[in-house]
Amino acid sequence: MDKTGSHALSAALMRLLRPLVRLLLRRGVSFKEFSDLARLLFVDVAMEEFGISGRKHSVSRVSVVTGLTRKEVGRLVNHPERQDKASSDKYNRLSRVIAGWRRDPDFRDKRGGAASLDIKGDGLAFAELVRRYSGDMTPRAMLDELLRVGAVKLLRDGRVKLLVRSYVPGSHDEVKIHILGTDVGRLISTIDHNLNIDTSSTEKPFFQRKVLYDNLPAEALPEFRVLSAESSQKLLEKLDAWLAEKDRDNNPEIEGTGRHVAGVGIYYFEEPYKEK
């Protein structure tokens, strides 16, 4: 990379890492912990994605690519990977149940909204909804979790009423930490894809846009928060309905090759303007 490109990348990294460092310090994560994780990831990515075709991965090759010593690479190669499977499963199951409740005609009322459901019963009750969309999570455990995050309430007649349009984790929920990794990671992957497209190929860039103005009065922000949330929710619900029709978990009869992850993420941001 030339000097100009190197400076631009360094500046981009500073902007990218600043909010991450703020979050880490707030959570009590030391520089040493962050440094240890960075070393582990440099080795892991070099092993998985930067090998030479047709050759077996070697400690020497990874050492050259990462700049770490062979001793460090050897120590990290077999290091157990940190997983957050529990948070991932929880997020996916709650999201699927709420989406199924709102989307599946079997669980909608006459007006097309999410019906209030009996917890158990021979018909299409809450227990059947959970069985259909949550995997192996029990109806009781799902109900307790939905109540905890304020997504449902119990009516006087014993039925369960859905209160939200989608699953939003609580302010101190470990699922939000999981989302930090998945959503930010996917945004960076999108930008990386767009930076590395071969202009001579037919490959197209992934969609990535934002709208931003930097001289707004504070009084305009509340209205924009509401407008952006409502408009974004409508778009996401439209895209969710389309993807649900193509997803083989929802429609096992759908044919096709491979297994892929695809989606669109939207996020809101605001902060005081800083000259620098």
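Cut-offs used in this document
- Residues numbered from 1 in each chain as written.
- Predicted model: local features only at pLDDT ≥ 70, side-chain atom pairs only at ≥ 80, totals over all residues.
- Heavy atoms only, no water.
- Helix = DSSP H or I, 4+ residues; strand = E, 2+ residues; numbered from the N terminus.
- Buried < 20%, exposed > 50% of the residue type's maximum accessible area, 1.4 Å probe, protein only.
- Contact = heavy atoms within 4.5 Å.
- Areas by Shrake-Rupley, 256 points an atom, 1.4 Å probe, with all protein chains shown as cover.
- Axes fitted to C-alpha atoms, helices over the stretch in contact; angles between N-to-C directions.
- Parallel < 35°, antiparallel > 145°, perpendicular 65-115°, else oblique.
- Left-handed = near helix turned anticlockwise from the far one by under 90°.
- Nonpolar A, V, L, I, M, F, W, Y, C, P; charged D, E, K, R; others polar.
- Core = buried A, V, L, I, M, F, W, Y, C linked by side-chain atoms within 4.5 Å.
- 1 Å grid on protein atoms, 1.4 Å probe; cavity = no way out; pocket = protein on both sides within 12 Å on 5 of 7 lines; lining within 4 Å.
- Points joined across faces, edges and corners; volume = space filled by probe spheres on them.
- Polar contact = N/O pair within 3.5 Å; in protein donor to acceptor, adjacent residues only side chain to side chain.
- Phe/Tyr/Trp six-rings, centres within 6.5 Å; stacked < 30°, edge-to-face > 60°.
- Salt bridge = Lys/Arg side-chain N within 4 Å of Asp/Glu carboxyl O.
- pLDDT = per-residue confidence, 0-100.

Let's shift gears to the overall build of the protein. When helices and strands are counted, the protein shows nine helices and two strands. When the helices and strands of the protein are listed from N to C terminus, the series reads α-α-α-α-α-α-α-β-β-α-α. For the C-alpha atoms alone, the extent of the protein along its principal axes is close to 65 × 55 × 45 Å. Counting over 276 residues, the protein shows a buried share of 20%. In the protein, the share of contacts with a sequence separation of at least 24, taken over all contacts with a separation of at least 6, comes to 48%. Accessible area of the protein: about 21500 Å², with a carbon and sulfur share of 55%.

With that settled, the discussion passes to the packing of helix H3 (residues 59–66) against helix H4 (residues 70–77). Two elements in contact, H3 and H4, have axes separated by 9 Å at closest approach and are oriented at 110°. The pairing of H3 with H4 is recorded here as roughly perpendicular in orientation. Seen from above, H3 lies across H4 with right-handed handedness. Contacts between H3 and H4 involve Val 59, Ser 60, Val 62, Ser 63 and Thr 66 from the first element and Arg 70, Val 73 and Gly 74 from the second. Considering only residue class, the contact of H3 with H4 consists of three nonpolar, four polar and one charged.

Moving on, we come to the nonpolar core. Of all hydrophobic cores here, the largest spans 22 residues; its most connected members are Trp 101, Leu 117, Phe 126, Leu 129, Met 142, Leu 146 and Val 152. Only helix H5 (85–103), helix H6 (126–133), helix H7 (139–148), strand E2 (160–162) and helix H8 (174–195) provide two or more residues apiece to this core. If near-sequence neighbours (up to four positions away) are discounted, Val 152 is found in contact with Trp 101, Leu 143, Leu 146, Leu 147, Val 160, Lys 161, Leu 162 and Leu 163. In this structure, Leu 40, Val 43, Ala 46 and Val 73 belong to the second largest nonpolar core, which totals seven residues.

Computed from the structure, the second largest pocket encloses a volume of approximately 250 Å³. Taken together, Arg 96, Arg 103, Asp 104, Arg 132, Tyr 133, Ala 241, Ala 244, Glu 245, Asp 249, Asn 250 and Asn 251 form the lining of the second largest pocket. When residues of the lining of the second largest pocket are traced back to their parent elements, those giving at least two are H5, H6 and helix H9 (221–246). With three residues, the single largest contributor to the lining of the second largest pocket is H9.

The topology assignment puts Ser 228 in helix H9. The class of Ser 228 is buried, set by a relative accessible area of 15%. For Ser 228, the side chain forms a polar contact with the main-chain oxygen of Arg 225, separated by 3.1 Å.

A word on the packing of aromatic side chains. Counted under the stated rule, the structure contains three aromatic pairs. Residues Phe 224 and Tyr 268 carry aromatic rings whose centres are separated by 5.8 Å and whose planes lie at 40° to one another, so their mutual orientation is tilted. Linking Phe 224 in helix H9 with Tyr 268 in the segment after H9, this pair joins segments that are 44 residues apart in sequence. Classification of Phe 224 as partly exposed rests on a relative accessible area of 37%. Summarising the aromatic geometry, the rings of Tyr 267 and Phe 269 are spaced 5.9 Å apart at their centres and angled 40° between planes, so their arrangement reads as tilted. Under the relative-accessibility criterion, Tyr 267 is labelled exposed at 55%.

Opposite charge on two side chains permits pairing when their charged atoms draw close. Scanning the entire structure with this criterion turns up 14 salt bridges. Measuring nitrogen to oxygen at the nearest pair gives 2.8 Å for the salt bridge that ties Arg 131 to Glu 128. You can see Arg 131 and its partner Glu 128 sitting in helix H6, three residues apart, about one turn around the helix. On the accessibility criterion, Arg 131 (54% relative accessible area) is exposed.

Scored by pLDDT, the protein has a mean of 86; 93% of the residues are at 70 or more. The secondary-structure element of the protein with the lowest mean pLDDT is H5, recorded at 82, while E2 shows the highest, at 94.

Two elements in contact, H6 and H7, have axes separated by 9 Å at closest approach and are oriented at 95°. When the axis of H6 is compared with that of H7, the two are roughly perpendicular. Counting all contacts with H6, which are made through Phe 126, Ala 127 and Val 130, the residues of H7 involved are Pro 139, Met 142, Leu 143 and Leu 146. A class-by-class count of the residues in the contact of H6 with H7 yields seven nonpolar, no polar and no charged.

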